[in-house]
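Chain by chain, the residues:
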Amino acid sequence: MNKLATLLLFLLLFVIGLPGLKAQDIATTKQPITYNVEQNILYRDDSKEVLTEYMAERCRLDLYFPEGSKNFATIVWFHGGGLTHGHAAIPEKLKGQGLAVAAVNYRLSPKVSNPAYTEDAAASVAWVFKNIAKYGGDPGLIFISGHSAGGYLTSMVGLDKRWLAHYNIDANRIAGLIPFSGHTITHFTVRAERGIKRTQPIIDEYAPLYHVRADAPPLILITGGRELEMLGRYEENAYFMRMMKVAGHKKTVLYELDGFDHGGMVDPAFNLLIKHVKELANRNH
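Residues numbered from 1 in each chain as written. Predicted model: local features only at pLDDT ≥ 70, side-chain atom pairs only at ≥ 80, totals over all residues. Heavy atoms only, no water.

Participant: Tell me about a nonpolar patch on the surface, and name the residues and values.
Facilitator: Taken together, I203, Y210 and Y239 make up a surface patch of nonpolar side chains, about 340 Å² in accessible area. With respect to the secondary-structure elements, Y210 resides in the loop between helix 7 (188-193) and strand 7 (219-224). What makes Y210 exposed here is its relative accessible area of 51%. (Patch = residues over 30% accessible without salt bridge, like charges linked within 9 Å, V, L, I, M, F, W, Y side chains within 5 Å. Areas by Shrake-Rupley, 256 points an atom, 1.4 Å probe, with all protein chains shown as cover. Salt bridge = Lys/Arg side-chain N within 4 Å of Asp/Glu carboxyl O. Helix = DSSP H or I, 4+ residues; strand = E, 2+ residues; numbered from the N terminus. Buried < 20%, exposed > 50% of the residue type's maximum accessible area, 1.4 Å probe, protein only.)

In structure tokens, the structure reads:
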């Protein structure tokens, strides 16, 4: 045996002899996951529809994904802002979790009015369904989430099946809906567009509550504390949970993050989002 071979054998025996380290650990040590971001993706198909300048500007998403991984779950994330302001960003707490995140921009009031926001949300989800496999993701593990106005869009796209049906996608293919502090009645901006005052609650076809059904995807509702949230926000989510159960849906859960207000609940809510995404993803495999 030459000197090099002897040295290599000695090093191997030394490593194997280290406390707590076994020979198989050397073979199965995983390389750290690296992530990539593809930015400013146009999610509306300009070859099939005429896009306005504003659509070309706002109907875009950023995709953060684990490079070289296969069959990972994806979270479609809608920002908040009352349907009047806000901008897409990849949430820091969702990074490095082995998941992909599609952070979506959508058109805003007053440049557009209802239902343009929901149309954009559905178009972005459809894009993810049709394209995530190209990046290594599993189209069967697409989750939708968002805060405030983004939570409202999450529930509308997931509960009212007509929006995704426009793209020949069954909303029941969504692996889970996880809205943060979202309206479940008709959104106050939609009401304002009709000249209805904020103190007048409406439950019509533009309210998630209008579309409760037994066969919907798993629904995880999260709000801040009822005394700190936007007035009525916890209560309408509690009623949404109750009506989903009345409709026969067996996979609705409501979390009240006591001690957190409407904006402050976002950070701890991410922990619940990650927990449920990973649990549901494992259950679906």
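Structure shown, so let's carry the discussion forward.
Participant: So what about helix 8 (residues 233-246)? Which residues, and what values?
Facilitator: A rise of 1.5 Å per residue sets the reference length of helix 8, with its 14 residues, at 20 Å; its end C-alpha atoms lie 20 Å apart and thus fit the reference within 8%. Buried within helix 8 we find R233, Y234, E236, N237, A238, F240, M241 and M244. Considering only its buried residues, helix 8 is in contact with helix 5 (149-159), helix 7, strand 7 and strand 8 (252-257). Directly beyond the C-terminal end of helix 8, a positive phi value near 105° is found at G248. (Expected span 1.5 Å × (residues − 1). Contact = heavy atoms within 4.5 Å.)

Participant: Can you explain the nonpolar core? Please cite residues and give values.
Facilitator: L63, F78 and L164 are the most contacted members of the largest nonpolar core, which totals 55 residues. The greatest single-element share of this core, amounting to 10 residues, is contributed by helix 4 (residues 116-131). Look past the residues within four positions of L164 in its chain and what remains in contact with it is A122, V125, A126, V157, I169, A171 and I174. (Core = buried A, V, L, I, M, F, W, Y, C linked by side-chain atoms within 4.5 Å.)

Participant: I'd like to hear about unusual backbone geometry, residue by residue, with values.
Facilitator: Put simply, S109 and P110 share a cis peptide bond, and its omega is 10°. Its place among the elements puts P110 in the loop between strand 4 (100-104) and helix 4. The omega torsion across N114 and P115 is 10°, close enough to zero to call that bond cis. Counting through the fold element by element, P115 comes out in the loop between strand 4 and helix 4. Positive phi, normally seen in glycine, also occurs at L83, with a value near 65°. Its location among the elements puts L83 in the loop between strand 3 (72-78) and strand 4. For N168, which is not a glycine, the phi torsion comes out positive at approximately 60°. Assignment of secondary structure puts N168 in the loop between helix 6 (162-165) and strand 6 (176-180). A residue is classified by how much of its surface remains accessible, and N168, at 74% relative accessible area, is exposed.

Just geometry here; none of it tells us what the structure is for.
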